[in-house]
Amino acid sequence: FELERYAGSLIYEKDFSEETRLDWRTYGGYYRRWSKRQNGGGFGTLPTSRQNTIQEQEFYNLGFEPRLRHDYDLFGQTHTLTFGTHTFFSHSPNEEWKGNWPEADFGTLQKQSIRDQWYLSVFLEHLFRIGKLAITPGVRIENIWQRVEEKVNLSKTTVPLPDQKNFSAVPLFGLGIVYEVAKGIEVYTNISQSYRPKTFGASVPLGTNQVVNGNLEEGRGAQYDFGFRGHPLPFITWDMDYFHFRFKDQIGTNGNTIDNIGHTQNDGFELFTEVDVVGAWDYFAKTELVDKIGSLTPFVTLTVMDAEIYSGPLMGRRPAFAPQDNVRFG
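Just so you know, these numbers come straight off a predicted model, no measurement behind them. (Residues numbered from 1 in each chain as written. Predicted model: local features only at pLDDT ≥ 70, side-chain atom pairs only at ≥ 80, totals over all residues. Heavy atoms only, no water.)

**Student:** For this particular structure, what's the right way to read the pattern of salt bridges?
**Tutor:** When their charged atoms lie close together, side chains carrying opposite charge are able to pair. If you walk through the whole model with that rule in mind, you get 16 salt bridges. Asp23 is paired through a salt bridge with Arg21; the nearest N and O atoms lie 3.2 Å apart. Residue class for Asp23 comes out partly exposed when judged on its relative accessible area of 22%. One salt bridge in this structure joins Lys36 and Asp105, with 2.7 Å as the shortest N-O distance. You can see Lys36 sitting in strand β2 (residues 20-38) and its partner Asp105 sitting in the loop between β4 (77-99) and β5 (108-130), a full 69 residues away along the chain. (Salt bridge = Lys/Arg side-chain N within 4 Å of Asp/Glu carboxyl O. Buried < 20%, exposed > 50% of the residue type's maximum accessible area, 1.4 Å probe, protein only. Helix = DSSP H or I, 4+ residues; strand = E, 2+ residues; numbered from the N terminus.)

Right, dumping it as structure tokens:
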């Protein structure tokens, strides 16, 4: 297995005035994933074939994200309007060969496909402040073009090979509310929509026997969360959050068919805290070590979640990538 990744970004910042600021981010990169695996066998068993499979995927990416922010005063409060766009291009060739011995690094071309994606979004959000209350509605228009063209696939007998094109234009809305209940303590809630287009693999599956349901729908979701967070002292931060996430038309694999496996629902709690050890020393010892040596900030996050597929062909099962508990620290 070999992995290469090269990435870079260029950021331009311009203050037109004390109230208006432009941030422009340009980024790009190259990503390559190469692997070989001896054929035959299965999980926990030895390979049985003297041949192997060699795969290579490449991704050439380029993106632009300008964002304009403007602050203005009204009724004794400062409000903020943010507008921007995000443009992204990706070109991704994918190839697979069959090697004639287990350690072969090259062989006979079996599969070849070209995958391209163009993405454009326009977003607008406005932060309103009313005393200790902050309300931020937002909207984002997603535009996604995808194309997957199979050049070679020796495992398929269909002629011609697939050349799939797909376009989606989806509006997404969100609303965030924050209220300062006491000094350094806030209560907040968020409601936001999400969208997941078909992936390259769902448009043209690479598996020998895999097929795609002709009525495959893109996934759509909505997330709600409610929590408390605090920064009571300069060196400590904490957050307690309940979240509820519903996703319609989850795309997955049912046997050899790529299908909408059903609607999923995730409910859970997340607890987070971090402490700046150096900042704590400064606070109690009346020193200024942070200015001289910086901060040392350990953190810990605990997530407890219940998830279920509540409709569709896999109803009652637990969806993938939804652990019951997850602890992270660093």
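**Student:** Help me out: how do you make sense of the packing of aromatic side chains in this one?
**Tutor:** Two aromatic rings, taken as a pair, are described by how far apart their centres are and by the angle between their planes. A full pass over the atoms with the stated rule returns 13 aromatic pairs. The interplanar angle of 50 degrees and the centroid separation of 5.3 Å between the aromatic rings of Tyr242 and Phe269 together place this pair among those described as tilted. Of this pair, Tyr242 sits in strand β11 (residues 236-254) while Phe269 sits in strand β12 (residues 257-275); the two residues are 27 residues apart in sequence, bridging distant segments of the chain. Ring plane angle 90 degrees and centroid distance 5.1 Å describe the contact between Tyr283 and Phe284, whose orientation is recorded as edge-to-face. Overall, Tyr283 belongs to the partly exposed group, its relative accessible area being 37%. Residue classification places Phe284 among the exposed positions, given a relative accessible area of 61%. One aromatic cluster is present, built from ring pairs that chain together Tyr6, Tyr30 and Tyr60. The residue whose ring lies beneath Lys286 is Tyr283, and the NZ or CZ to ring-centre distance is 5.7 Å. (Phe/Tyr/Trp six-rings, centres within 6.5 Å; stacked < 30°, edge-to-face > 60°. Lys NZ or Arg CZ within 6 Å of the ring centre and 35° of its normal.)

**Student:** Teacher, can you tell me more about a nonpolar patch on the surface here?
**Tutor:** Side chains of Leu62, Leu81, Phe83, Phe89, Trp118, Leu120, Val122, Leu124, Ile141, Trp145 and Phe167 sit close together on the surface and give an oily, nonpolar patch of about 890 Å² of accessible area. Of all the secondary structure elements, the ones that give two or more residues to the nonpolar patch are β4, β5 and β6 (133-153). Of the residues forming the nonpolar patch, the biggest block, four residues, is contributed by β5. In this fold, Phe89 is placed in strand β4. A relative accessible area of 35% places Phe89 in the partly exposed class. (Patch = residues over 30% accessible without salt bridge, like charges linked within 9 Å, V, L, I, M, F, W, Y side chains within 5 Å. Areas by Shrake-Rupley, 256 points an atom, 1.4 Å probe, with all protein chains shown as cover.)

**Student:** Can you walk me through the environment of Gly279 in this structure?
**Tutor:** Among the secondary structure elements, Gly279 is positioned in helix α2 (residues 277-285). For Gly279, a relative accessible area of 13% translates into the label buried. Residues Gly279 and Leu68 lie 211 residues apart in sequence; the distance between their C-alpha atoms is 34 Å. Contacts of Gly279, omitting those with residues within four sequence positions, involve Phe235 and Val290. (Contact = heavy atoms within 4.5 Å.)

**Student:** Help me understand the nonpolar core, please; the structure alone is not making it clear to me.
**Tutor:** Nonpolar side chains in soluble globular proteins tend to be buried together. Ranked by size, the top nonpolar core spans six residues in total: Phe88, Tyr119, Ile144, Val170, Leu172 and Tyr195. In this structure, Ile144 is in contact with Gln117, Trp118, Tyr119, Asn166, Phe167, Ser168, Tyr195 and Pro197, ignoring residues within four places of it in sequence. (Core = buried A, V, L, I, M, F, W, Y, C linked by side-chain atoms within 4.5 Å.)

**Student:** Teacher, can you tell me more about the pairing of strand β13 (residues 299-311) here?
**Tutor:** Residues in a regular strand project their side chains so that they alternate between the two faces of the sheet. The sheet contact formed by β12 and β13 spans 12 bridges and is antiparallel. Directly across from Glu270, in β13, lies its bridge partner Thr303. Here β13 runs beside strand β14 (residues 325-329); their pairing, made up of five bridges, is antiparallel. Paired with Val300 across the two strands is Phe329, which belongs to β14. (Pairing = 2+ DSSP bridges.)

**Student:** Sorry, what's going on with unusual backbone geometry here?
**Tutor:** Trans is the prevailing form of peptide bonds, just as negative phi is the prevailing case for residues other than glycine. Phi at Phe75 is positive, roughly 55 degrees, even though this residue is not glycine. On the secondary structure map, Phe75 appears in the loop between β3 (52-74) and β4. A residue is classified by how much of its surface remains accessible, and Phe75, at 79% relative accessible area, is exposed.

**Student:** What should I look at first to understand the pairing of β11 in this one?
**Tutor:** The sheet contact formed by strand β10 (residues 219-233) and β11 spans 12 bridges and is antiparallel. Bridge pairing in β11 links Gln223 to Phe245. Hairpin remark: β10 followed by β11, antiparallel, with two residues in the connecting loop. Pairing analysis gives 17 bridges linking β11 to β12, with the strands arranged antiparallel. Residue pairing across strands places Thr237 opposite Glu274, the latter belonging to β12.

**Student:** Just checking my understanding: could you explain the confidence of the model for the protein chain for this structure?
**Tutor:** Do not read the predicted coordinates in detail wherever pLDDT is low. Scored by pLDDT, the protein chain has a mean of 90; 95% of the residues are at 70 or more. Looking at the elements of the protein chain, mean pLDDT is at its lowest for helix α1 (residues 200-203), recorded as 67, and at its highest for strand β1 (residues 2-15), recorded as 97. (pLDDT = per-residue confidence, 0-100.)

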